[in-house]
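Secondary and tertiary structure notes
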Amino acid sequence: AKVNGRNQLCFYTPAMSRDLVRRREIEAELRAAIIKNELSIFFQPIVDLETGKIRTFEALVRWFHPQKGELKPDEFIPVAEETGVIVTLGNWITAQAAKACAAWPEDVTLAVNLSPMQIKAPGAALGILTALRDAGLAPSRLELEVTESLFLDDNHATNSFIEELSAAGVRFALDDFGTGYSSLSYIHKYPFKKIKVDRSFVSGPNVGRKSDAIIRAVAELGTTLEMEIVAEGLETVEQVKAVREAGCTLGQGYYFSRAVPDYLAAMLLAQEREG
Ligand code: C2E
Ligand code: CA
Ligand code: CA
Ligand code: CA
């Protein structure tokens, strides 16, 4: 709030209220979109850098809006988080993705992104286990990607969520590592099986000797602590070679494939198993 000319409290500026109206609009549309089937889940492979085989597919949500066209998650996930719609949306995403994964070969796993609010919702862990059971997917085939922002307010709900699901066999990956409030204490405290090094360390203007040294250090940590290290955002063969050389065991990025619909994901798996 700020004080305006007449010394009154004023909570809105025109720009703020426009933004608010837009958010309200997206919120209402998003709730309807789930019902109207405008959302779908795409899958991007995470590849073993040693063998070149697909080990995991990461579920990434897409919104095909009848007027606005394809909307990227960065345009609506933040609104879904702020408004709480993410809980309903997240449950739907997990259920859909689990169904797709249940049709893949058993050694292929599924990665799903989780927002902090989803974890703090009551019954969150049970909801995920129920979705897995309904899809007929073993908990050990699910990996939940969380970011460091989850631990900013280190609360009881987060701890029991992670404990409950880990006990059931679900695995956790630390996403976008290096961009947030990176702290080794999270790696120490929680049972992460995987660290995903953010793509800003792999490609872009800031990549160089320093980012390479950071990737190497994280990869070495991974070897010592028996965690897999994923390099995100690999677009060129040079980048693939560099991160492999630096010690990353897994890679993800447009060099291998963009996120694709479930039938194409199944086709990629069938192809590599044929030849
Ligand atoms: P993220 O989890 O870091 O996902 C990776 C993003 O990087 C995806 O964007 C993916 O398409 C993009 N990407 C992959 N390879 C490359 C590459 O080689 N180059 C470049 N430039 N980009 C690449 P997307 O699908 O737009 O998702 C953006 C973010 O939205 C995700 O970041 C994640 O934080 C969030 N998100 C997506 N789906 C979900 C979901 O189902 N639930 C939640 N809670 N968040 C989601
Ligand atoms: Ca992710
Ligand atoms: Ca990421
Ligand atoms: Ca991200």
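Residues numbered from 1 in each chain as written. Chains lettered and ligands numbered in written order. Predicted model: local features only at pLDDT ≥ 70, side-chain atom pairs only at ≥ 80, totals over all residues. Heavy atoms only, no water.

1. With respect to the pairing of strand β9 (residues 192-197)
Across the 6 residues that make up β9, a large majority, 5, are buried. For strand β8 (residues 171-177) and β9, the ladder comprises 4 bridges, and the chain directions are parallel. Counted as the bridge partner of A173 is K194 from β9. Bridge count between β9 and strand β10 (residues 228-231): 4 bridges; the pairing is parallel. Directly across from I195, in β10, lies its bridge partner I229. Between the parallel elements β9 and β10, the chain passes through helix α8 (residues 209-225) in a crossover that is right-handed. (Buried < 20%, exposed > 50% of the residue type's maximum accessible area, 1.4 Å probe, protein only. Helix = DSSP H or I, 4+ residues; strand = E, 2+ residues; numbered from the N terminus. Pairing = 2+ DSSP bridges. Right-handed = clockwise from strand over helix to strand, strands pointing away.)

2. Here's the deal with the site of ligand 1
Among the 22 residues in the neighbourhood of ligand 1, the closest are listed as R62, S115, R199, E235 and Y254. A distance of 3.1 Å separates an oxygen atom of ligand 1 from a polar atom in the side chain of N113. With respect to ligand 1, the backbone of Y254 contributes an N or O atom lying 2.8 Å from an oxygen atom. Protein chains shield 86% of the accessible area of ligand 1, which is 800 Å² for the free molecule. When contributions to the shell around ligand 1 are tallied by element, the ones reaching two or more residues are β4 (54-65), α2 (73-83) and β8. The element that contributes the greatest number of residues to the shell around ligand 1 is β4, accounting for 4 residues. Considering only residue class, the shell around ligand 1 consists of 7 nonpolar, 6 polar and 9 charged. (Near = heavy atom within 4 Å. Polar contact = N/O pair within 3.5 Å; in protein donor to acceptor, adjacent residues only side chain to side chain. Areas by Shrake-Rupley, 256 points an atom, 1.4 Å probe, with all protein chains shown as cover. Nonpolar A, V, L, I, M, F, W, Y, C, P; charged D, E, K, R; others polar.)

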